[in-house]
Amino acid sequence: MKTSRLLLILSAPLLFILLESFLLWPKFLLGTEIIAILWILGLVRYFASQSSLGKKWLLNALLPILLYVSLSFSAAILINSWLIQVIFIFLLVFLIRYFQVLYGWLVKNDLKQINRLPNFSLSGGLLIIFSAISNIYSLQVFVSWPTGWLFGLSVLVIAFVTYNNWQACQLNIKENLTLFLVINILLAETVAILFFWPFNYQVLALIVTLVYYVLINCTRLYLSAALDKRKIQLYLIFSAAFFVFLILSTRWF
């Protein structure tokens with residue numbers, strides 16, 4: 001337990017150094033990403049080895065890895081140094097809080113921590129979808145990758161995030177495979193359509209994130225038999241109002 005605690009304490013300064021280092025030496029961005037991924041994998045794997053409950057340790061490492069990669073790449077293309085530091089601090093706080101939950105669950109055998117994983121999965125998933133999709137759309141401008149490659153990468157990210165959310169919420173994918181596929185297909189179609197919309201990539205990413213938010217919450221309520229007409233109307237009104245606000249406030253080009 002002492003080793004696990006030490007690794008948890010070391011995670012914040014190590015990840016912070018890695019984040020700051022690629023700002024000083026941009027050519028080492030890929031190297032710092034690999035080191036961070038290996039550290040997260042090793043940390044979660046070690047936590048899981050301390051408990052018989054950690055058989056799906058790779059799934060628990062998926063969320064922090066996707067979040068770290070997506071947000072760090074988002075910071076890499078920003079110019080405002082203050083905004084970059086805010087993103088770094090937020091990322092570190094989120095990751096450390098998530099690691100503390102895993103530590104409490106896997107190392108200290110506090111089963112109450114399992115109930116906190118769905119909230120982390122939902123909030124982390126929204127951040128990943130927004131930052132990752134924003135990065136992917138921006139590659140059209142900065143790198144000029146083929147649209148087919150970018151679309152495939154988007155679908156892969158969406159599938160991983162959706163899968164992580166279902167597992168964290170303990171939703172049975174095998175029994176609801178059709179619904180799982182439908183959600184991913186709808187999100188993939190949304191991404192494909194937005195490739196041709198005349199908005200900047202942050203707005204496009206927000207729209208995809210909004211669709212993900214509505215679909216994933218309605219699915220969770222439906223599978224838990226808690227979905228009713230009023231809740232559907234609430235989600236639809238919220239999403240429609242936010243969508244209209246985006247369309248009216250963004251710049252067309």
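Student: Run through the overall build of the protein, naming residues and quoting values.
Tutor: When its secondary structure is counted, the protein shows 9 helices and 0 strands. In the protein, the succession of α and β elements from N to C terminus is α-α-α-α-α-α-α-α-α. Relative to the globule expectation of 18 Å for 253 residues, the C-alpha radius of gyration of the protein, 19 Å, shows essentially globular dimensions. In the protein, which comprises 253 residues, the proportion classed as buried is 47%. Partitioning the contacts of the protein with sequence separation of at least 6, the portion at a separation of at least 24 is 74%. Accessible surface computed for the protein: about 13,700 Å², of which carbon and sulfur atoms make up 71%. Within the protein, the 6 negative side-chain charges are centred at a point lying 8 Å from the centre of the 16 positive side-chain charges.

Student: Could you give an account of the state of the cysteines, with specific residues and numbers?
Tutor: In the structure shown here, the tally under the stated rule is 0 disulfides. Of all cysteine sulfurs in the structure, the one in Cys-218 sits closest to Cys-169, which takes part in no disulfide; the separation is 14 Å.

Student: Lay out the nonpolar core with the relevant residues and their values.
Tutor: Across soluble globular proteins, nonpolar side chains have a tendency to be buried as a group. Leu-15, Phe-47, Tyr-68, Phe-99, Ile-128, Ile-133 and Tyr-137 are the most contacted members of the largest nonpolar core, which totals 71 residues. Of all elements in the fold, only helix 1 (2-24), helix 2 (29-49), helix 3 (57-76), helix 4 (81-107), helix 5 (117-142), helix 6 (147-168), helix 7 (177-194) and helix 8 (201-223) reach the threshold of two or more residues within this core. For this core, the element with the most residues is helix 4, which contributes 16 residues. Excluding anything up to four places from it in sequence, Phe-47 contacts Ser-4, Leu-8, Phe-99, Leu-102, Tyr-103, Leu-106 and Val-107.

Student: Describe the packing of helix 6 against helix 7, naming the residues involved and giving the relevant values.
Tutor: At a closest axis distance of 10 Å, the pairing of helix 6 and helix 7 adopts a crossing angle of 145 degrees. Handedness of the helix 6/helix 7 crossing: right-handed. Counting all contacts with helix 6, which are made through Phe-151, Ser-154, Val-155, Ile-158, Ala-159, Thr-162, Tyr-163 and Trp-166, the residues of helix 7 involved are Leu-179, Phe-180, Ile-183, Asn-184, Leu-187, Ala-188, Val-191 and Ala-192. The class makeup of the residues in the contact of helix 6 with helix 7 is 13 nonpolar, 3 polar and no charged.

What counts as what
- Residues numbered from 1 in each chain as written.
- Predicted model: local features only at pLDDT ≥ 70, side-chain atom pairs only at ≥ 80, totals over all residues.
- Heavy atoms only, no water.
- Helix = DSSP H or I, 4+ residues; strand = E, 2+ residues; numbered from the N terminus.
- Rg over C-alpha atoms; globule rule 2.2 N^0.38 Å.
- Buried < 20%, exposed > 50% of the residue type's maximum accessible area, 1.4 Å probe, protein only.
- Contact = heavy atoms within 4.5 Å.
- Areas by Shrake-Rupley, 256 points an atom, 1.4 Å probe, with all protein chains shown as cover.
- Lys, Arg positive; Asp, Glu negative; His and termini not counted.
- Charge placed at Lys NZ, Arg CZ, Asp CG, Glu CD.
- Disulfide = S-S within 2.5 Å.
- Core = buried A, V, L, I, M, F, W, Y, C linked by side-chain atoms within 4.5 Å.
- Axes fitted to C-alpha atoms, helices over the stretch in contact; angles between N-to-C directions.
- Left-handed = near helix turned anticlockwise from the far one by under 90°.
- Nonpolar A, V, L, I, M, F, W, Y, C, P; charged D, E, K, R; others polar.

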